[in-house]
Amino acid sequence: MTRIGLLKLASIVSLNNSFFSNRFALKALLIFTFSAMLQWSAASAQPRLPLVGNTEVLVATCTFKNGALPTGSQRAQIAGNITNVVQFYSRKGVDGNSPPHSGFTTRFGAPVRLPQEFDLGGTSIPDRSTRERRCIDAAIRSGFRPSQENHIWVLMMMHDSGIWGSRGVLYYGVAANRGLSTPFRIGVAGLRHEFGHTLSLRHAFGGQFMQWPQRDPFEYGDLYAVMGSNGSALNLHALDRIGALGQHDVASIGLRTDQAAPGNRTRSEVIRLRANGKGLSSRFGFRALRIPFDPNDSGRYYLVEYASKVFRGARRADRLYVYKIDKISGRVNNWGWKTVDPPSTRSVLMYVSRIEARNNRAPTFQRPLQGFSDGPISVSILSQSDNSIRLQVTSAVADACVRGLVWREATPADRVCVSRSRWSETKAQNIRHASGSPPSLGCTGDLFPRNAVPGDNVCVTQAERNQVRVENSIHHGNGSFRLAQRARGPMTCNIGLVWRNITNYDYVCVTPARRAAVRAEGQRHVRLKLGTSAGCRTGLVRRSALPGDDVCVSGRQASIAARETDTRESRWMFDFR
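Residues numbered from 1 in each chain as written. Predicted model: local features only at pLDDT ≥ 70, side-chain atom pairs only at ≥ 80, totals over all residues. Heavy atoms only, no water.

> Which residues make up the overall build of the protein chain, and what values go with them?
The number of helices and strands found in the protein chain is 11 helices and 29 strands. Taking all 577 residues of the protein chain together, 50% fall into the buried category. Sequence separation of at least 24 residues holds for 62% of the intrachain contacts in the protein chain that already meet a minimum separation of 6. Accessible surface computed for the protein chain: about 26000 Å², of which carbon and sulfur atoms make up 53%. (Helix = DSSP H or I, 4+ residues; strand = E, 2+ residues; numbered from the N terminus. Buried < 20%, exposed > 50% of the residue type's maximum accessible area, 1.4 Å probe, protein only. Contact = heavy atoms within 4.5 Å. Areas by Shrake-Rupley, 256 points an atom, 1.4 Å probe, with all protein chains shown as cover.)

Below, the structure is given as structure tokens:
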């Protein structure tokens, strides 16, 4: 329930119950309602991906009733390190690039004391949620509370050594060991990692290519990623999750819908990637390459980038990095060499080899993979320079249809995906045409050329030709049922929907007709705004579907766009929460 809903509830109850005619009772209700609102506001700290709009970061420093408050220098160190982390995520950890419609605002609260005393014996340490709740409640009681629904709590606990991040909450114990008088410690790398968890980012794994998944991938095994074991950058999958990869920044083999050669089920393309980490523009190539490999599950794919990454404080030369995005049902090895249950989807950086762990230590991975061949997929390097790399990418499944559909095969080169019943109907049309009039006579009567592909002169009825036109229209749009179109990353739209495309980072899914309407609104904007100013003519408002969207539309059109943005998760194919 929102804060507005709670206040409405209070007013409704007060109007329908004579007890609340007493002004003191009504005041008590409103106090209770306001308290509930604060509890709701704190509990609702769950930033939504991809990041859209402003996310408020509230930094609360807590100490036990019998503990010391942080000194001025300690408070300055906390503020400096938190500011560093927020700035890192504001620029999305790479290239200085970020979607224009997302950002963070940081607020620091005064240090507060908990009503509880520190348990010197340490025999009854509360669980994580209790420790979080105590600090948040103390901050709210002191008057430090969220000013918007989309927010993150960063809790700095003076006498605790526990460190973790969960969706919307970062808890950081700044004591070297749990106790009232232990050394103060705080690190930027750990804060960056746990802050990633507040945004629902998961650990970045590493694995040996020829052994995985037969051999368990290793948690934290991505040696170049914040969510792995390095605090210098976000990896490609994390950038994809938070919406920092623009739609036109990611290449994918098979996105072009030109017809394949007859009988050839393999597609081969040359794709150029620019060197990430240098702030290069799109003229040097794409920022990433996505390669789906499983027609039965479009959530399984490779991500490939060319980048110069930092490892152990030193920047490495440009090289290829290959990530396998997959779902594994088995168990995985974590940092302590224990087995843990895997998350539903994870990113695994592929390495050439690894040295096994000894004395309960993590394995050492050797050399990120440079080109590979995996079943129907292969990637090889044609040429590379300081700014870009040219790859030969081959796939035998890019044109494959999603589960349950097949190629229409009106001709041997026809790759439009349809149901099996439509495939049968198409075959029947071919047989009927072959047994009819000689091709030289063309179509007669109420029959017309089917035109499923260029040169297709099979004679069909007007209704049958219209059906083919609809199928072709879907095939050539983002609503296609081909694997290449259905594997577009975490924000892949449900079948039949397409991205709205107000900007390169707009991952809101709508119908094709609705996207056309949004495009038309943008085209009309030039003549609907007031001269060179940013205002709109009388009767019109800014659409504001995303921050910075100043297209002038009617109030009703603005409401539709806002509702689409607010309910965006419900129209994605995958659930990454």
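> Lay out the packing of aromatic side chains in plain terms, naming residues and giving numbers.
Counted according to the given criterion, the structure contains 13 aromatic pairs. Look at Phe-104 and Phe-195: their rings are 5.8 Å apart centre to centre, the planes differ by 65 degrees, and that puts the pair in the edge-to-face class. Remark: Phe-195 occurs in helix α5 (residues 188-198) and Phe-104 occurs in strand β2 (residues 102-108); sequence separation between them is 91 residues. By relative accessible area, which is 13% here, Phe-104 ends up buried. Grouped by ring-pair contacts, the aromatic residues Phe-88, Tyr-89, Phe-104 and Phe-195 constitute a single cluster. Directly above the aromatic system of Tyr-301 lies the positively charged group of Arg-290, at a separation of 5.1 Å from the ring centroid. (Phe/Tyr/Trp six-rings, centres within 6.5 Å; stacked < 30°, edge-to-face > 60°. Lys NZ or Arg CZ within 6 Å of the ring centre and 35° of its normal.)

> I'd like a description of unusual backbone geometry, backed by residues and values.
Here Glu-409, not a glycine, exhibits a phi torsion of approximately 55 degrees, which is positive. Here Glu-409 lies in the loop between β22 (406-407) and β23 (417-418). On the basis of relative accessible area, Glu-409 is assigned to the partly exposed category, the value being 22%. We note that Asn-451 has phi near 60 degrees; this positive angle belongs to a residue other than glycine. Looking at the secondary structure, you find Asn-451 in the loop between β24 (448-449) and β25 (459-460). The exposure class assigned to Asn-451 is partly exposed, which follows from its relative accessible area of 41%.

> Tell me what's going on with α5, and back it up with residues and numbers.
For α5, the tally of buried residues reaches eight of 11 residues, placing the bulk of the element in the interior. Residues of α5 that are buried: Leu-191, Arg-192, His-193, Glu-194, Phe-195, Gly-196, His-197 and Thr-198. Packing partners of the buried residues in α5 comprise β1 (53-63), α3 (72-90), β2, β4 (151-157), β5 (163-166) and β6 (169-173). Once α5 finishes, Ser-200 follows within two positions and takes phi at roughly 75 degrees, a positive value.

> Report on the pattern of salt bridges, specifying residues and quantitative values.
Considering all chains together, one arrives at 25 salt bridges under this definition. Salt-bridge contacts for Lys-278 lead to Asp-318; the nearest nitrogen and oxygen are separated by 2.7 Å. In this pair, Lys-278 is assigned in the loop between β9 (267-276) and β10 (288-292) and Asp-318 in the loop between β13 (314-315) and β14 (319-326), connecting sequence segments 40 residues apart. Residue classification places Lys-278 among the partly exposed residues on the basis of a relative accessible area of 37%. Judged by relative accessible area, Asp-318 falls into the buried class, the value being 16%. Between Glu-564 and Arg-514 there is a salt bridge, with the nearest N and O atoms lying 2.5 Å from each other. Of this pair, Glu-564 sits in helix α11 (residues 555-566) while Arg-514 sits in helix α10 (residues 512-528), placing them 50 residues apart in sequence. As far as the burial class goes, Glu-564 and Arg-514 line up, both buried. One continuous salt-bridge network, built from bridges that share partners, spans Arg-500, Asp-506, Arg-514, Glu-521, Arg-543, Asp-549 and Glu-564. (Salt bridge = Lys/Arg side-chain N within 4 Å of Asp/Glu carboxyl O.)

> For the environment of Pro-146, give the residues involved together with the corresponding values.
Structurally, Pro-146 is set in the loop between α4 (128-141) and β4. By relative accessible area, which is 7% here, Pro-146 ends up buried.

> Give a detailed account of the packing of helix α7 (residues 420-434) against helix α8 (residues 462-475), specifying residues and quantitative values.
For the pair α7 and α8, interaxial distance at closest approach is 13 Å and the crossing angle is 130 degrees. Relative to α8, α7 is oriented oblique. Crossing hand, α7 versus α8: left-handed. Residue-level contacts link Arg-422, Gln-429 and Arg-432 of α7 to Glu-464, Gln-467, Val-468 and Glu-471 of α8. Looking at the contact of α7 with α8 residue by residue, the classes come out as one nonpolar, two polar and four charged. (Axes fitted to C-alpha atoms, helices over the stretch in contact; angles between N-to-C directions. Parallel < 35°, antiparallel > 145°, perpendicular 65-115°, else oblique. Left-handed = near helix turned anticlockwise from the far one by under 90°. Nonpolar A, V, L, I, M, F, W, Y, C, P; charged D, E, K, R; others polar.)

> Can you tell me about empty space enclosed by the protein, naming the residues and giving the values?
In total, this model carries seven cavities of 30 Å³ or more according to the counting rule given. Every residue lining the largest cavity is counted, 13 residues in all, and those nearest its centre are Leu-201, Arg-202, His-203, His-237 and Ser-347. Residue assignment for the lining of the largest cavity shows that the elements contributing at least two residues are α6 (236-242) and β17 (346-355). Its residues assigned to classes, the lining of the largest cavity shows five nonpolar, five polar and three charged. (1 Å grid on protein atoms, 1.4 Å probe; cavity = no way out; pocket = protein on both sides within 12 Å on 5 of 7 lines; lining within 4 Å. Points joined across faces, edges and corners; volume = space filled by probe spheres on them.)

> Requested: an account of the state of the cysteines, with residues and values cited.
For the coordinates displayed, the defined rule picks out five disulfides. For Cys-493, the disulfide goes to Cys-509, at an S-S distance of 2.1 Å. Judged by the sign of its S-S torsion, about -90 degrees, the bond between Cys-493 and Cys-509 is left-handed. On the criterion of sequence distance, the pair formed by Cys-493 in the loop between α9 (483-486) and β26 (498-499) and Cys-509 in strand β27 (residues 509-510) is long-range, its members being 16 residues apart. With a relative accessible area of 4%, Cys-493 lands in the buried category. Under the relative-accessibility criterion, Cys-509 is labelled buried at 1%. Put simply, Cys-536 and Cys-552 are joined by a disulfide, and their sulfur atoms are 2.1 Å apart. Judged by the sign of its S-S torsion, about -85 degrees, the cystine formed by Cys-536 and Cys-552 is left-handed. Of this pair, Cys-536 sits in the loop between α10 and β28 (541-542) while Cys-552 sits in strand β29 (residues 552-553), and the two are 16 residues apart along the sequence. Indicated for the protein chain is the disulfide connectivity 1-2, 3-4, 5-6, 7-8, 9-10, based on numbering the bonded cysteines in sequence order. (Disulfide = S-S within 2.5 Å.)

> Please provide a residue-by-residue account of the nonpolar core, values included.
One finds Tyr-89, Phe-104, Val-154, Met-156, Phe-195, Leu-199 and Leu-234 to be the most contacted residues of the largest nonpolar core, which totals 49 residues. When residues in this core are grouped by element, the largest group, six residues, is from α3. With residues up to four places along the chain from it excluded, the contact list for Tyr-89 reads Phe-104, Arg-192, Phe-195, Gly-196, Leu-199, Leu-201, Val-226, Met-227 and Leu-234. Counting 30 residues, the second largest nonpolar core, distinct from the first, contains Tyr-302, Tyr-306, Leu-320 and Val-397. (Core = buried A, V, L, I, M, F, W, Y, C linked by side-chain atoms within 4.5 Å.)

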